[in-house]
Amino acid sequence: KKQEAFIQKYENLKKELKEGEKIYFMDAVHAQHNSHPAYGWIEKGEEREIKSNAGRDRININGVYGPLDHEVIARQYPTINAQATIDLFKKIENKHPDLNKIYIISDNARYYVSKLVKKYLLSSKITLIRLPAYSPNLNLIERLWKLMKKRVVYNKYYEKFSIFKQAIDSFFRKINHRKSDLESLMTEKFHLFNSI
């Protein structure tokens, strides 16, 4: 019921959106420098191997996705915390000085609901809208992370962390060339889970 109520709220927000206003979905992802076997066509009886490494290095990304124009703003941080979130907010506001109001839909991660973030929002153009608890299925940016993993992480081996980082950087730098991927993947057909 809470998920259904959120979808109705989101639809109403889109209908009532004024000129000079914008909607984003926000989330963080942590891409780990390890091999991630995912899928593949392998003939029966044949074996395939993927090299792996023992690296624990990872890239922490905090980002937003605009569902109405497929805009992506993603930044890397040493760690995702309240300061990183505020920094991302500032980058969004600086990129769009013409906007009067920015709605950002996020989950309830601690760094998104911290006192520092709440204090910053008091004098910001940004209004945070919380997703219902345990509802990654309603956060469109999760599909962007899935696309990133499919294109860059799954079934890939990167000998050095620096090469892995270059591949992640390249994905986001060229995100505007992936419009067809975004248009087909980032549809607003939200899957709801039936209660058991």
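Above this text you will find the structure in question.
Residues numbered from 1 in each chain as written. Predicted model: local features only at pLDDT ≥ 70, side-chain atom pairs only at ≥ 80, totals over all residues. Heavy atoms only, no water.

Trainee: Help me understand the packing of aromatic side chains, please; the structure alone is not making it clear to me.
Mentor: Aromatic ring pairs are defined here through the distance separating the ring centres and the angle between the ring planes. Scanning the model with the defined rule gives 9 aromatic pairs in all. Plain terms: the ring middles of F171 and F172 are 5.1 Å apart, the flat faces sit at 90° to each other, and that makes the pair edge-to-face. The two residues F171 and F172 agree in class, both being buried. Counting every residue linked through ring pairs, the aromatic cluster contains F6, Y10, F25 and F190. (Phe/Tyr/Trp six-rings, centres within 6.5 Å; stacked < 30°, edge-to-face > 60°. Buried < 20%, exposed > 50% of the residue type's maximum accessible area, 1.4 Å probe, protein only.)

Trainee: What is the right way to look at the pattern of salt bridges in this model?
Mentor: Two side chains that carry opposite charge are able to pair once their charged atoms sit near each other. Under the defined criterion, the tally for this structure stands at 9 salt bridges. Put simply, R151 and D181 hold a salt bridge, and the shortest N to O gap is 3.2 Å. Of this pair, R151 sits in helix α4 (residues 141-153) while D181 sits in helix α6 (residues 179-185); the two residues are 30 residues apart in sequence, bridging distant segments of the chain. Each of K22, D69, E71 and K95 takes part in a single network of salt bridges with overlapping partners. (Salt bridge = Lys/Arg side-chain N within 4 Å of Asp/Glu carboxyl O. Helix = DSSP H or I, 4+ residues; strand = E, 2+ residues; numbered from the N terminus.)

Trainee: Hey, could you run me through the sheet that holds strand β2 (residues 58-66) in this one?
Mentor: The strands making up a sheet are joined through hydrogen bonds of the backbone, oriented either antiparallel or parallel. The 5 strands lie next to each other as β3-β2-β1-β4-β5, forming an open sheet whose pairing is mixed. In the strand order of this sheet, the two ends are held by β3 (71-77) and β5 (126-130), each with one partner. On average, each strand axis in the sheet is inclined to that of its neighbour by 25°, with strand direction left out of account. Pairing of strand β4 (residues 101-106) with β5, which is carried by 5 bridges, proceeds in the parallel orientation. Pairing of I105 across the sheet is with I129, part of β5. Sheet strands touched by helix α2 (residues 82-95): β1 (21-32), β2, β3, β4 and β5. Its angle to β3, the strand with the most contacts, is close to 145°. (Pairing = 2+ DSSP bridges. Axes fitted to C-alpha atoms, helices over the stretch in contact; angles between N-to-C directions. Contact = heavy atoms within 4.5 Å.)

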